[in-house]
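Each chain, letter by letter, is given below.
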Amino acid sequence: MKNNLYAWFKEGSMTIPSFLFTHYKKIGLNEQEVMLLLQLQQFIESGNDFPAPSQLAERMTLQETECLFLIQRLIQRGYIKLEEDKGQAIGDERYSLDPLYERLIDCFLQAQKQEKAEQALNEGESLYTIFEQEFGRPLSPYECETLALWMDDDHSPSIIKAALREAVISGKLNFRYVDRILFEWKKNGIKTIDQAKNRGQQFRMHQKHEKKQVTQTPLKDVPFYNWLEQ
């Protein structure tokens, strides 16, 4: 029993991207094609990079001719590449699954891009609600357009929210003031929430210091005139 288990462990395991299982339909594959590709991957990892259709058919519920047809179709559609095996004798060939991996990577990046776009859209829609709540009224067409321009100008929704917060704290709740904050932050390379918070704190401390200096400046002596006695 131990020897049998040891032999089973020596067969090893095969790493399969979970993304393939969830998105094979999007890259144009069906269940038979996916299984054949996985069988090819297992053969390649086992050291046989050019299995015969008969070897594939032994592992699958397909006939040898069906396996050959699937391989030819996958090569034509750009999921498998037939290469010359330079490490062997001249004329020997090998299967490469690099085209499949490239398609998976492209599909993954596209899915990530779409997810970010949808997230930005949802955040953009919530921005309008947040501004209307702070202003206590519906936004005007001009204000809606301004908000859209901010997002088109590479201001993230989180940075726009932070600029609105600074305007609320400063008691200057208007779009012109928020726009001025965003302009100043972009000019100084402020791109994260932490950077925006630190910049806001520095600005308020500077204002407080200036106000304190003005308050402590002694007034000049002014001669007193009693205009009633003149």
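Residues numbered from 1 in each chain as written. Predicted model: local features only at pLDDT ≥ 70, side-chain atom pairs only at ≥ 80, totals over all residues. Heavy atoms only, no water.

## With respect to the nonpolar core
Moving on, step 1. Residues Leu20, Leu29 and Leu36 are the most contacted members of the largest nonpolar core, which totals 26 residues.
Moving on, step 2. Within the residue set of this core, elements represented by two or more residues are α2 (18–23), α3 (31–45), α4 (53–59), α5 (64–76) and α6 (98–135).
Moving on, step 3. Per element, the largest residue contribution to this core is six residues, and it comes from α3.
Moving on, step 4. Those residues within four positions of Leu29 in sequence are excluded, and the remaining contacts are Leu20, Tyr24, Val34, Leu37, Leu74, Arg77, Tyr79 and Leu100.
Moving on, step 5. If you look at the next biggest cluster of nonpolar residues, it comprises 20 residues, including Ile160, Ala162, Leu164 and Phe175. (Core = buried A, V, L, I, M, F, W, Y, C linked by side-chain atoms within 4.5 Å. Buried < 20%, exposed > 50% of the residue type's maximum accessible area, 1.4 Å probe, protein only. Helix = DSSP H or I, 4+ residues; strand = E, 2+ residues; numbered from the N terminus. Contact = heavy atoms within 4.5 Å.)

## Let's talk about the pattern of salt bridges
Proximity of charged atoms lets side chains of opposite charge pair with each other.
Moving on, step 1. One pass over the full model with this rule turns up eight salt bridges.
Moving on, step 2. For the salt bridge of Lys81 with Glu83, the shortest nitrogen-to-oxygen distance reads 3.5 Å.
Moving on, step 3. A salt bridge links Glu83 to Arg94, with the shortest nitrogen-to-oxygen separation between them at 2.7 Å. Pair noted here: Glu83 is in strand β1 (residues 81–84) and Arg94 is in strand β2 (residues 93–96), with a separation of 11 residues, a long-range link.
Moving on, step 4. Linked through salt bridges whose partners overlap, the residues forming this network are Asp49, Lys81, Glu83 and Arg94. (Salt bridge = Lys/Arg side-chain N within 4 Å of Asp/Glu carboxyl O.)

By themselves, these are just geometric observations and shouldn't be taken as functional.
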